[in-house]
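Take a look at the letters that make up each chain.
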Amino acid sequence: QVQLVESGGGLVQPGGSLRLSCAASGSIFSIYTSGWYRQAPGKQREFVANITSSVFTNIADSVKSRFPIARDNAKNTMYLQMSSLKPEVTAVYYCDADIRKYSWGREGDYWGQGNQVTVSS
């Protein structure tokens, strides 16, 4: 089995910072593209950022300068550093990864459980 476990969310004041982590565990041969999505109350889930195994990144324009994404391939962990936070980014943040479990076969798409980020004074 493969699991993605997220951490680092919580309540923060406007202007503050948080770092989200997403750690993959289980039977993992290789992690391809991994990324972050978020879903605010009453809205659809939307793309935030992703990063390939070659460390190419793609970040939504709305957060491009404030939410750099990174990954540590040795630890099978991905990070989203969020700074200058505003109330409108309040949402449940989900990590997503394309993971191949074995040297053979195709990769599968896996999701974390979601992590609440609330920006409020």
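Residues numbered from 1 in each chain as written. Predicted model: local features only at pLDDT ≥ 70, side-chain atom pairs only at ≥ 80, totals over all residues. Heavy atoms only, no water.

Peer 1: Describe the side chain of Thr90, naming the residues involved and giving the relevant values.
Peer 2: Its location among the elements puts Thr90 in the loop between strand E8 (77-82) and strand E9 (91-100). Among the polar contacts made by the side chain of Thr90, one reaches the main-chain carbonyl oxygen of Pro87 at a distance of 2.9 Å. At 2.9 Å, the side chain of Thr90 and the backbone nitrogen of Val119 are in polar contact. (Helix = DSSP H or I, 4+ residues; strand = E, 2+ residues; numbered from the N terminus. Polar contact = N/O pair within 3.5 Å; in protein donor to acceptor, adjacent residues only side chain to side chain.)

Peer 1: Explain the pairing of strand E5 (residues 46-51) residue by residue, including any values.
Peer 2: Within a regular strand, side chains alternate between the sheet's two faces. Pairing between strand E4 (residues 30-39) and E5: 5 bridges, direction antiparallel. Residue pairing for E5: Gly35 is matched across the bridge by Asn50. Two successive antiparallel strands, E4 and E5, enclose a turn made up of 6 residues, where Gly42 displays a positive phi of approximately 75°. The pairing of E5 with strand E6 (residues 57-59) spans 3 bridges and is classified as antiparallel. Bridge pairing in E6 places Ile51 opposite Thr57. (Pairing = 2+ DSSP bridges.)

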